[in-house]
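An overview of the molecular structure
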Amino acid sequence: MKPIQLENKYGIVIGISILIIGLITSVDKISKFMLSVFSDNNFLNWKSFAFIILLACFIIWFLMNHFWSKEYKEHQKTKFERDNYMNKLKVEENERLVDLVTGVPNMKSLEQDLSDYFTEKRRIKQIQFILIDLRNFRKINSDYGFMKTNKILRMIAQSIYVTMRRNEDMYKYPMSNDSKKGFLDKFYRIHSGGDEFAFIIEGDQSDAIGFVNRLVPRFINEFTPKTKSILGKKEKLSFYSAIVQVNHRDEYGDIIERAHDCYNLAKESKKDFSLSWYPHDLEDSMPDTGWQKKNYLNARENFHVVLNR
């Protein structure tokens, strides 16, 4: 409930003062008033008592309303400042979790989301971790400069990101190949860099393989033609990929390490598209018919599949 807002907080006091002065100047009228209220020169009668109660109630109400109004305004100001700070914090938090170049969630967001998947509530869900790295993109970056290649990275990232399904998440994955850096330095950088992307897919291994299968024609028919408008010349875009099945017992570093092993296997291939997955023997348990087996068969048509036997 809001306090009554008075246009002039002292207006009523001034009005009452004028009224009292007017009554005092009219002696005959004030005398009649006094006789009416304080009849028989008895100060404490029911009329005088009621008058004093009403006057006291009005004064108390006016003072309380005045201080309440003042406190309410301070509260509204504090609430506005609090909401403003909270909005700023949300914006800063979103910026902290988003890659500046591509506009998709970054490595810090990936680490946070992987942790969330392993809470008690979500342990029953099976997830797959996917890493893709654009082939020969360093040469494109060297030939055309990072300004133009950043536009290509953003084009690819946004095109994939806006078409993600409900059970799919995408992240910018800056991975360093500097051999002088330690393993954690390679994988735990937060800021933008490199041409790698990571994905979390809810489902089994065949779902993840189906996902990368769908990316191949997009790279050939959608992303590669768009390079001409950005670079001035058409450049072939392709990738190598690693898929790792994850369970709730895995530590974050375990996931990354297995993905790194598969990634290195896929990177050895000289073909445009290559793929490695872990575990490598899940395909054997799939029935010979059905969409799951078909995803594996399509993968061998789309990719050079390299498995760690």
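Please refer to the structure placed before this passage.
Presented here is a report on the structure given in the accompanying data block. Small disclaimer: the values here were computed from a predicted structure and weren't measured.

Turning to the environment of Met147, a few remarks are in order. Looking at the element boundaries, Met147 is found in helix H6 (residues 146-161). Remark: the alpha-carbon pair of Met147 and Val101, spanning 46 residues in sequence, is separated by 9.9 Å.

Moving on: helix H10 (residues 291-302). Over its 12 residues, H10 extends 16 Å from the first C-alpha to the last, a length consistent with the 16 Å expected when each residue adds 1.5 Å. Listed as buried for H10 are Lys293, Asn295, Tyr296 and Ala299. For H10, the buried positions fall inside an angular range of 155 degrees around the axis, keeping them on one side. Opposite the packed face of H10, turned more than 90 degrees from it, sit the exposed residues Trp291, Lys294 and Glu301.

Quick look at unusual backbone geometry now. Glycine aside, residues mostly have negative phi angles, and peptide bonds mostly take the trans form. Following Tyr278, the chain continues to Pro279 via a peptide bond in cis, the omega torsion being -5 degrees. Looking at the secondary structure, you find Pro279 in the loop between strand E5 (274-278) and H10. Phi angles above zero are rare outside glycine, and Asn136 is one such case at about 55 degrees. Its location among the elements puts Asn136 in the loop between strand E1 (127-134) and helix H5 (137-144).

The next subject is helix H8 (residues 205-231). Here H8 contains 27 residues, and its C-alpha end-to-end distance of 36 Å stays within 8% of the 39 Å for a straight helix at 1.5 Å per residue. At Phe219, H8 shows its maximal bend, which comes to roughly 45 degrees. The first or second residue beyond H8 is Gly232, which carries a positive phi of 90 degrees.

Next up on the list: the pairing of E1. Burial runs high along E1: 8 of the 8 residues are buried. Judged by which residues are buried, E1 turns out to be covered on both faces: Ile127, Phe129, Leu131 and Asp133 on one side and Gln128, Ile130, Ile132 and Leu134 on the other are all buried. Here 7 bridges tie E1 to strand E3 (residues 196-202), and the two strands are oriented antiparallel to one another. Each residue of the ladder has a partner; that of Ile132, found in E3, is Phe197.

Definitions and limits used
- Residues numbered from 1 in each chain as written.
- Predicted model: local features only at pLDDT ≥ 70, side-chain atom pairs only at ≥ 80, totals over all residues.
- Heavy atoms only, no water.
- Helix = DSSP H or I, 4+ residues; strand = E, 2+ residues; numbered from the N terminus.
- Expected span 1.5 Å × (residues − 1).
- Buried < 20%, exposed > 50% of the residue type's maximum accessible area, 1.4 Å probe, protein only.
- Arc of directions from axis to C-beta.
- Bend = angle between axes of the 7 residues up to and from the residue.
- Pairing = 2+ DSSP bridges.

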